[in-house]
Amino acid sequence: NGSAFTLFKNDQSCRESRSIPFCSHLFLFLALAAMRTLQTRKPAGTGSTKPESPVEHSGKTTSTGRKFKHFTLPSILKRNSKSNTNISAPDVPNTSSLMAAPLEEVLTFEQNLKRNRLSAAGQQLIDREERLYGRISEEVVQPTTERENEEKEQLTRDRKALLSHIDLAVKSSLSPDEDSLEALKSAVKAILQEEEQDRRWLKQDGKQPTWRPSECRHHHDTVLQRLVEERMDHAKLPPEESSKLRSSLQRDICGKGRCLQEDLLRVVKDVKGCYPEDMDICNLYGKIYHQAFSAGMRKIAEYGLGMVDCSYLLHWVNVAYPGILQNLELTKAINPEALGKLLTEELTTPLENQYLTLQETEVQTLINKVLNVEEQAWREGSVPELRDNCYFSPLAIDVIQFINAAFESVETVLGDTSKVQMIACLLKDFLNSYKKFQEKVLKGSNNRNSRTVIMANLSCVEQFRDYIVKKTDIFPVDVKECCLSIVADMKNCGYTSLKSPIHKDLKSQYSSLGTPIWLEKKTQVCEKLFEGINKHTQDLRGLNDSCHQELLGQLHLEVTVEYVRRLLKRKIKLRDKEIQEQAARSVCEDGQRLNKLFTEAGSKEEWLSDILPRIAEVLKLQDISSIQLEIVTLSQAYPDLSDVQVTALLSLKSNLSASAVKRVKKTLLDIQDTTSSQGGPSFFSKV
């Protein structure tokens with residue numbers, strides 16, 4: 001046994017012992033070695049242990065994988081083998097512990113390679129390299145022999161085999177089985193061993209092997225890059241997902257993105273543990289995948305893309321791909337900011353402009369079509385649909401839906417809310433066109449359906465206003481103000497068109513207010529006024545609730561203003577206390593009737609209920625001081641009360657002297673100079 005012979009030669013104590021014959025020692029060690037071999041040998045068919053030992057043995061290989069070194073006994077040993085048979089065995093130490101210890105199985109280079117024990121195989125080659133080329137620590141290198149040249153050629157072939165196995169281990173690193181990861185761990189160790197050996201050789205001045213430096217790390221990165229490019233080029237979606245996409249281009253982009261996402265997650269979860277931390281393998285994979293995906297997207301971007309494919313590509317560039325990199329598991333190991341954008345602005349800007357232009361054209365076409373349908377229906381005399389007793393038009397809903405869908409699409413595709421402002425400008429242009437349509441309807445008020453169309457459109461105008469206010473962040477300030485101004489004008493014009501016929505019809509009743517006829521035949525005059533108001537408020541039922549309430553509030557205010565205006569025209573003289581009290585009762589009763597009538601109809605302007613009773617109180621009072629106090633109170637409640645209006649009101653009391661009127665006015669002016677004119681509702685400025 002070669003090992004036993006080596007053990008024998010290295011045993012210093014045996015060599016130095018002169019009391020024990022040489023052959024006795026030899027046969028003793030041979031016997032011990034044979035016993036250990038028998039003890040550790042396993043039956044055929046059983047497995048063997050796999051310690052990663054770089055130890056190499058030369059010589060022939062047996063069927064069990066061991067190599068033995070043959071030697072010839074010296075002649076002196078042959079001669080003494082018979083003549084010394086009677087020699088007693090020497091005293092030797094107890095060898096039971098040596099015999100009991102199991103002998104680790106030593107694998108050859110080929111066996112290590114076959115079992116993917118690449119770091120052990122690599123270390124064996126490094127040991128052979130140092131033996132053949134002279135140990136790095138030695139300064140003198142012996143001349144090479146023919147046998148050494150053959151061994152060097154064999155070493156070169158073995159190195160190629162090792163590198164081939166390392167390449168296979170790296171290429172299989174993204175496979176889902178455990179054996180691939182174990183092989184990768186061993187391959188990484190072999191790469192690091194090679195890198196260390198490169199550094200050791202670089203410190204020497206002597207001749208290096210032709211493969212030094214081996215640059216295994218660089219070669220590893222190149223293999224990774226080819227692996228990633230190949231996987232990305234052949235990435236495909238499952239058939240059930242592929243069928244959901246509209247074009248082969250979309251399937252190609254989505255397949256690459258899915259491959260990138262799944263592989264990077266695999267790297268972070270499994271592959272990362274096979275590498276030392278200083279190799280930063282996750283960021284290396286992230287960089288290579290980013291470059292491969294970017295190269296594929298650049299090729300696609302150079303094509304002439306249609307609307308759908310262009311938006312899909314931009315969505316992946318601006319939204320989907322950044323979303324993948326923001327995965328919580330990936331961000332722990334990969335720095336997305338270091339990767340940069342998938343495509344440069346030089347490539348994305350023309351695509352974004354193309355997309356925005358197409359989106360703008362499509363939206364403009366759709367909303368103009370909605371308006372044309374509305375106008376055509378009006379010209380044909382169609383009456384808007386009634387929903388919940390309110391006239392309804394789908395115009396605002398359709399337009400807002402198209403505009404909002406464009407907003408969401410731009411934000412989804414470009415990932416930037418600032419780009420949607422181009423679409424916001426389309427709403428301003430549409431509202432201007434819509435306002436022109438309303439003007440046509442108002443001019444054609446003789447058409448039997450114009451009034452109902454106005455009612456339906458008032459609801460649309462209100463919806464536009466609410467939408468603009470709600471989406472204030474996506475409208476530029478000037479566009480927002482312009483849009484709100486347009487809808488406010490449209491609403492006022494619509495309300496005016498509905499109120500004007502009412503006031504026109506009530507004009508004859510208005511003219512009797514504040515006149516002797518009103519005071520003498522109050523019941524007849526006021527009953528006609530209230531009946532007319534009640535009839536017209538019923539005709540406004542076609543408006544939706546909010547518009548109906550707002551319009552009734554305006555009508556409530558305007559009727560009250562008209563009542564006070566007629567009263568202050570001074571067409572009646574209240575000469576004595578009795579007539580003044582009668583007039584005060586009439587004004588107070590009319591105020592209560594008006595307030596009840598409008599409140600029951602739906603008006604929420606309850607503050608108007610105090611105006612006529614306050615005026616009635618001034619008419620009833622006779623004491624100057626009390627009149628002064630009531631005028632001051634009225635002025636504080638309604639700061640827009642003017643001295644001209646106070647003069648007109650006091651002129652109704654014909655028994656009041658000019659000096660008394662002057663005193664009341666002076667008190668009013670003094671109070672108005674010392675108090676703020678803001679805070680109260682505006683009423684008398686409308687009279």
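Residues numbered from 1 in each chain as written. Predicted model: local features only at pLDDT ≥ 70, side-chain atom pairs only at ≥ 80, totals over all residues. Heavy atoms only, no water.

Focus: helix α26 (residues 577–601)
Item 1. With 25 residues, α26 ought to run about 36 Å at 1.5 Å a step, and its terminal C-alpha atoms sit 36 Å apart, in line with that.
Item 2. The complete set of buried residues in α26 reads Q580, A583, A584, S586, V587, D590, G591, L594, N595, L597, F598 and A601.
Item 3. Among the structural elements, α23 (516–520), α24 (522–539), α25 (545–567) and α27 (611–620) are those in contact with the buried residues of α26. (Helix = DSSP H or I, 4+ residues; strand = E, 2+ residues; numbered from the N terminus. Expected span 1.5 Å × (residues − 1). Buried < 20%, exposed > 50% of the residue type's maximum accessible area, 1.4 Å probe, protein only. Contact = heavy atoms within 4.5 Å.)

Observations concerning the pattern of salt bridges
Item 1. Enumeration according to the criterion identifies 31 salt bridges in this entry.
Item 2. One salt bridge in this structure joins R159 and E194, with 3.0 Å as the shortest N-O distance. Here R159, found in helix α8 (residues 146–171), pairs with E194, found in helix α9 (residues 178–202); they are 35 residues apart in sequence, far enough to count as distant.
Item 3. The network of salt bridges with common partners includes E129, R159, E194, D198 and R212. (Salt bridge = Lys/Arg side-chain N within 4 Å of Asp/Glu carboxyl O.)

Concerning the side chain of K653
Item 1. One can find K653 in the loop between α29 (643–651) and α30 (658–674).
Item 2. Among buried Asp, Glu, Lys and Arg side chains, K653 stands out as unpaired, with E581 the closest opposite charge at 8.8 Å.
Item 3. Polar side-chain contacts of K653 include one of 2.7 Å to the side chain of Q580.
Item 4. Side-chain polar atoms of K653 contact the backbone oxygen of L621, separated by 2.6 Å. (Lys, Arg positive; Asp, Glu negative; His and termini not counted. Polar contact = N/O pair within 3.5 Å; in protein donor to acceptor, adjacent residues only side chain to side chain.)

A closer look at the environment of I324
Item 1. Looking at the secondary structure, you find I324 in helix α14 (residues 307–325).
Item 2. Residue class for I324 comes out buried when judged on its relative accessible area of 8%.
Item 3. The sequence separation of I324 and L264 amounts to 60 residues, and the corresponding C-alpha distance is 9.7 Å.
Item 4. The contacts of I324, once residues within four sequence positions are left out, are G257, L260, Q261, W316 and L330.

A few points about the packing of helix α17 (residues 345–379) against helix α18 (residues 395–414)
Item 1. Interhelical geometry of α17 versus α18 gives an angle of 175° and a closest axis separation of 9 Å. The angle between the axes of α17 and α18 places the two elements in the roughly antiparallel class. When α17 is examined against α18, the residues E352, Y355, L356, Q359, V363, L366, I367, V370, L371 and E374 are found in contact with a partner set consisting of L395, D398, V399, F402, I403, A406, S409, V410, V413 and L414.
Item 2. Residues of the contact of α17 with α18, tallied by class, amount to 15 nonpolar, 2 polar and 3 charged. (Axes fitted to C-alpha atoms, helices over the stretch in contact; angles between N-to-C directions. Parallel < 35°, antiparallel > 145°, perpendicular 65-115°, else oblique. Nonpolar A, V, L, I, M, F, W, Y, C, P; charged D, E, K, R; others polar.)

A look at the nonpolar core
Item 1. Core analysis: the largest hydrophobic core is formed by 175 residues, its most contacted members being Y285, W316, F430, L431, Y434 and F464.
Item 2. Every residue in contact with W316, bar those within four places of it in the chain, is listed here: I253, C254, G257, F293, M297, Y321, P322 and I324. (Core = buried A, V, L, I, M, F, W, Y, C linked by side-chain atoms within 4.5 Å.)

Digging into the confidence of the model for the protein chain
Item 1. Per-residue confidence for the protein chain averages 83 on the pLDDT scale, and 82% of its residues sit at or above 70.
Item 2. Confidence drops under a pLDDT of 50 for residues 1–26, and excluding neighbours within four residues, the segment shows 31 contacts in the predicted structure.
Item 3. Here residues 36–101 is modelled with pLDDT under 50, and outside its nearest four sequence neighbours on either side it reaches 79 contacts, counting other chains as well. (pLDDT = per-residue confidence, 0-100.)

Focus: the packing of α14 against α17
When two helices pack together, their arrangement is given by the angle between their axes and by how far apart the axes lie.
Item 1. Running from N to C, α14 and α17 point in directions that differ by 130°, and their axes come no closer than 10 Å. Accordingly, the angle class assigned to the pair α14 and α17 is oblique. The handedness of the crossing between α14 and α17 comes out as left-handed. Contacts between α14 and α17 involve M307, C310, S311, L313, L314, V317 and N318 from the first element and T348, L351, E352, Q354, Y355, L358, Q359 and E362 from the second.
Item 2. A per-class count over the contact of α14 with α17 returns 8 nonpolar, 5 polar and 2 charged. (Left-handed = near helix turned anticlockwise from the far one by under 90°.)

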